[in-house]
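Results of the structural survey
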There are 2 protein chains.
Amino acid sequence: MYSDLQLTDDRPVYIQVKDYMKRLILKGGLQADQKLPSTRELSTLMRVSRSTVLLAYAELEEEGLIYAVKGKGNYVSAAVDTPESASGWTLDWNNHVSDYAIQAEQYDLMKHGSGAERGEISFTSIAPDEKLFDLHNVKRAFLDRMSLEGEVLLNYGYAQGYRPLMKYLRQYMENKGVDLSGKDILITNGFTEGFDLVLGALRKKSGRALCENPTHHTAIKNLKLHNFHLTGVEMESDGLHLGQLEQELMKHSYDLAYLVPSYHNPTGIVTSPAKRAEIIRLMNQYHVPMIEDGFNEELRYSGSHVSPLIASIGKGNGLVYLGSFSKVLFPGLRVGWVIADAALIDYLESMKRARSIHTSTLDQSLLYQYLSNGNFDKYLKRARAEYKRKYELVVRCLRQHLPMCRISGEGGLHLFVQFPAAFRTRDLLAACKLKGVTFTPGDTFYLEPGQGLNTMRLGFSRVNDDNIRKGIRIIGETARTMQ
Amino acid sequence: MYSDLQLTDDRPVYIQVKDYMKRLILKGGLQADQKLPSTRELSTLMRVSRSTVLLAYAELEEEGLIYAVKGKGNYVSAAVDTPESASGWTLDWNNHVSDYAIQAEQYDLMKHGSGAERGEISFTSIAPDEKLFDLHNVKRAFLDRMSLEGEVLLNYGYAQGYRPLMKYLRQYMENKGVDLSGKDILITNGFTEGFDLVLGALRKKSGRALCENPTHHTAIKNLKLHNFHLTGVEMESDGLHLGQLEQELMKHSYDLAYLVPSYHNPTGIVTSPAKRAEIIRLMNQYHVPMIEDGFNEELRYSGSHVSPLIASIGKGNGLVYLGSFSKVLFPGLRVGWVIADAALIDYLESMKRARSIHTSTLDQSLLYQYLSNGNFDKYLKRARAEYKRKYELVVRCLRQHLPMCRISGEGGLHLFVQFPAAFRTRDLLAACKLKGVTFTPGDTFYLEPGQGLNTMRLGFSRVNDDNIRKGIRIIGETARTMQ
């Protein structure tokens, strides 16, 4: 005892001594009213200075764990023993877990999906390339903000969001042509919390939701977790199949439609202006609230400017826009935003407060300062140039090694690859994994089992040029052996 | 047009010029294929350098908003017009909002509670006093961590939490005597998200939940939002009324019990060791999963050391512990943690991923670095000394000005005050507000209307000494005029 104290250099020594003694006492290694070694004894046993032990004992007394008796020494306090009756209380949690929890675990791709192992060439990620992060500007932004109002940043903030960031993002959305009159904004912990809040806020009448098929797998998961019955509408090269969409709208009533009109995940398709107008006309006619996912908007490599759908409804309020910088800036900062009718935002704000009080003020203020320092535009220029370069490299490699495939995607951090109908990308994945290459099988993004079996998504943002060439070559060679 | 550009100094000028033109184009102020002013013309109109305009035009072309015609100039792109059919799509959101959203709004005390106005002496807050924040150590911690792994911090992290922080907190809980074998940890966006996740993860059989009465109003709100029927057990000066507790347990089965054993909110009561043992014995006997709220644990001013309940169940798994530093450290960093049976944490992790992917890595890593730099223990010492001083001042003032009242609270950032039965603190509040003093009426924390009408909670952490004296004097004087 005592002499086995292992000192580390990451914390003050007296605290490590205190914690050692504390654990001994709380784990019952020392009994109530038992006398402790004198400071001199303990300092010898632990090979630390006596003043260190004095400090540690003072802290332990302060915490009520020990008491001193004048001229006699220090003793373990009484109240400390853990009640015997208490220990070993067990439950079988499987009898106490909700269906929601069970489903959340079942749908969890991080646990059941095809993840990448170390050393593999992985095309599974569509997170930004951290090598592009301009850390010095981030540090600058943090220090700027901290010196301006550090105390404010570290104390409680507002559920709706950090005011300066809200103001900045309103402006930002207006610059995209959005008419904010009658609308309001809510800051969320990224797109995901925003989506989850909106789904929770929508009343279920039909219990039906419309979406593109294929679509963002996290969105599918969350729609299912909210018990929506999903109807998928096929994607054409310029967006939703309008005929199908109208058919579905005539057949059933829907509580919501979730769409990714720009650089759709996984297909990368940008819905054409004509289709955008028609989609909104239909949703309006059939009174279907629409959720627009703007996650990739900034990453445009070709074609002309695209505005978000919400920019085209003027003072209209039928559309809920979910924004995020996670694909262009720093996903580690969990900041997203919702733009919607002010009445809806008022409800969402209360839900947000009930669930997480507010989004990290530090994340929000750091992001705000970074943006208003003018770093975003410069960063975006650099990032876009780099991703565009990789995007074009991937396209070239695909044309060379997978000439039999149809490619789609005009922007974002991924491309969608379609093999001939009979081809099975799950088999391809299995074979490629053996050669150290991995990607996301396209069926992951489809609503029904058996759909998209001949497709795959290639995320390229975090793969370097050599590995892009090597990886796609291996995929191509492997694919040819399978036809 | 153009000459009305208002330049601000917070962003590069060329970006402001770009945004001005962008908005003009997207708002339809400029038509498709309309010719733009020459760079020379625009620079004169806007009183900016010509190179600035050149940069702005280059960006606009890059974004596909305008196109250049050799030797002729720049023109607005075609695809930009917002489709006419689209605008003015409206919905009546009241027909589309869920009961959950409506309740969340109704129960939202920030909207419907008795908030404090500027200039008032407000005893409503139990947030930490930001004057105590050691900003230099926070900055240090941020810079330390950023230089170690800035790229990692800014990209996606893990749903379960930031590994170094998880490791630190495991150790931290072990130092409180908790046996972690068979248990695991999840990092959450503060206590509130943790509580919401756990409530969502518990299966509803009886739909009944036990809690102290009175108790934390946010907990009441969230339990109600999860549709639990609440049974409150009366508080005695040393914790729950055990007789009542056992009666209730015999009468009905319960899906969970939510308890705040240390520095209970609002009464500030610390449950006695004897009662802790008995409570756990009963929960064990009646198979009721228990949620322990450890939010205030560190803020002990008198009496002997208290361990969390979870420290007394050894290898047992029937208890879910919710931890947070929000009352002692920085609430703006939204970081809390759940300690529970590993099987339950596994479900909670998937739910967390589905709802917000993960907690801000920046918050987690900053907190970790701050803690492992050894700042916490020093900060806590300082904070505890200061709060203890204020706590004793408040007690003295209460004894002097409200001698007719019963006071409870041995720690934390608030005291609970009980007037004679017939007294009405809501009337007192109304009268005090006219004199610029406000507090939280105690009935806020009770389950049933009509309960606790003679009580109030006084949060003192953010009130300075003079205002504590003045405020309580005013409350006392006003109270006497009402008897």
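Residues numbered from 1 in each chain as written. Chains lettered and ligands numbered in written order. Predicted model: local features only at pLDDT ≥ 70, side-chain atom pairs only at ≥ 80, totals over all residues. Heavy atoms only, no water.

The name that an unreviewed UniProt entry assigns to chain A is DNA-binding transcriptional MocR family regulator, with the source organism given as Paenibacillus amylolyticus. Of chain A, the UniProt comment under Cofactor (unreviewed entry) reads exactly: "pyridoxal 5'-phosphate". Check the Sequence similarities (unreviewed entry) section of the UniProt entry for chain A; it says "In the C-terminal section; belongs to the class-I pyridoxal-phosphate-dependent aminotransferase family." (UniProt positions renumbered as here; feature names shortened; annotations may be inferred.)

The next point concerns the interface of chain B and chain A. With 131 residues of chain B in contact, the opposing surface of chain A contributes 131 residues. For the chain B and chain A pair, buried surface summed over both sides reaches about 12000 Å², with 58% attributable to carbon and sulfur atoms. It is Trp89(B), Trp93(B) and Leu154(B) in chain B that bury the most area against chain A; as a group they hold 8% of the surface buried on that side. On inspection of chain B and its partner chain A, the count reaches 14 salt bridges. A salt bridge links Glu174(B) to Arg23(A), with the shortest nitrogen-to-oxygen separation between them at 3.3 Å. Along the contact surface separating chain B from chain A lie 52 residue pairs in polar contact (both at pLDDT 80 or more). Among the elements that take part in the side of chain B that touches chain A, helix H6 (residues 135–154) of chain B stands out by supplying eleven residues, more than any other. Considering only residue class, the side of chain B that touches chain A consists of 53 nonpolar, 41 polar and 37 charged. (Contact = heavy atoms within 4.5 Å. Buried area = accessible area lost by both parts, 1.4 Å probe. Salt bridge = Lys/Arg side-chain N within 4 Å of Asp/Glu carboxyl O. Polar contact = N/O pair within 3.5 Å; in protein donor to acceptor, adjacent residues only side chain to side chain. Helix = DSSP H or I, 4+ residues; strand = E, 2+ residues; numbered from the N terminus. Nonpolar A, V, L, I, M, F, W, Y, C, P; charged D, E, K, R; others polar.)

Bringing the pairing of strand S11 (residues 336–341) of chain B into the picture now. Residues and elements named next belong to chain B. Most of S11 is tucked away, with six of its six residues classed as buried. In this sheet, S11 lies alongside strand S4 (residues 183–188) in antiparallel orientation, the contact comprising six bridges. Within the sheet, the bridge partner assigned to Ile 185 lies in S11 and is Ile 339. In the sheet, strand S10 (residues 319–324) pairs with S11 via four bridges, with the strands oriented antiparallel. Note that in S11 the partner of Ser 324 across the bridge is Gly 336. (Buried < 20%, exposed > 50% of the residue type's maximum accessible area, 1.4 Å probe, protein only. Pairing = 2+ DSSP bridges.)

Domain boundaries in chain A define domain 1 (13–76), domain 2 (105–128 + 383–482) and domain 3 (133–376). For domain 1 of chain A and domain 3 of chain A, the distance between their C-alpha centroids amounts to 56 Å. (Domains from an automatic or database assignment.)

All names here are of chain B. Its location among the elements puts Leu 259 in strand S8 (residues 256–259). Exposure remark for Leu 259: the relative accessible area of 3% places this residue in the buried category. Put simply, Leu 259 and Leu 240 are 19 residues apart on the chain and 9.2 Å apart in space, counted from C-alpha to C-alpha. Excluding residues that lie within four positions of it along the chain, Leu 259 makes contacts with Glu 212, Leu 240, Ile 279, Met 283, Met 290, Ile 291, Glu 292 and Asp 293.

So, on to the packing of helix H15 (residues 425–434) of chain B against helix H16 (residues 465–480) of chain B. Residues and elements named next belong to chain B. As a packed pair, H15 and H16 sit with axes 10 Å apart at the nearest point and diverge in direction by 120°. With respect to each other, H15 and H16 are oriented oblique. The way H15 lies across H16 gives a crossing that is right-handed. Only Ile 475, Thr 478 and Ala 479 of H16 make contact with H15, whose side of the interface consists of Leu 428, Ala 431 and Cys 432. For the contact of H15 with H16, the class distribution of residues is five nonpolar, one polar and no charged. (Axes fitted to C-alpha atoms, helices over the stretch in contact; angles between N-to-C directions. Parallel < 35°, antiparallel > 145°, perpendicular 65-115°, else oblique. Left-handed = near helix turned anticlockwise from the far one by under 90°.)

Residues and elements named next belong to chain B. Alternating residues of strand S9 (residues 290–293) divide into Met 290 and Glu 292 and Ile 291 and Asp 293, and every residue in both groups is buried. Pairing of S8 with S9 involves three bridges; the strand directions are parallel. Opposite Ala 257, over in S9, you have Met 290 as the bridge partner. A crossover connection joins S8 to the parallel S9 through helix H11 (residues 273–285); in handedness this β-α-β unit is right-handed. One ladder, built from four bridges, connects S9 with S10; its direction is parallel. When the sheet's bridge partners are listed, Glu 292 is paired in S10 with Tyr 321. (Right-handed = clockwise from strand over helix to strand, strands pointing away.)

Before going further, it helps to spend a moment on helix H3 (residues 50–62) of chain A. A rise of 1.5 Å per residue sets the reference length of H3(A), with its 13 residues, at 18 Å; its end C-alpha atoms lie 18 Å apart and thus fit the reference within 8%. Residues Thr52(A), Val53(A), Ala56(A), Tyr57(A), Glu59(A) and Leu60(A) constitute the buried set of H3(A). Taken end-on, H3(A) shows its buried residues confined to a sector of 160°, consistent with a single buried face. Those residues of H3(A) that are buried are in contact with helix H1 (13–26), helix H2 (39–46), strand S1 (66–69) and strand S2 (73–76) of chain A together with helix H14 (375–401) of chain B. Just downstream of H3(A) lies Gly64(A), where phi reads positive at about 75°. (Expected span 1.5 Å × (residues − 1). Arc of directions from axis to C-beta.)

Let us look at the relation of the copies chain B and chain A. Superposing chain B onto chain A takes a rotation of 180° plus a shift of 0.0 Å along the axis, which leaves an RMSD of 0.0 Å. Expressed as a symmetry operation, the mapping of one chain copy onto the other fits a two-fold axis. Interface overlap between copies: 100% of the residues of chain B at the interface are likewise at the interface in chain A, consistent with a symmetric, same-surface contact. (Least-squares fit on C-alpha atoms with pLDDT ≥ 70 in both.)

Residues and elements named next belong to chain B. A cis amide bond links Asn 213 to the next residue, Pro 214, at an omega of 10°. Here Pro 214 lies in the loop between strand S5 (208–213) and helix H9 (217–225). Its identity is not glycine, yet His 287 carries a phi of approximately 55°, on the positive side. Tracing the chain through its elements places His 287 in the loop between H11 and S9.

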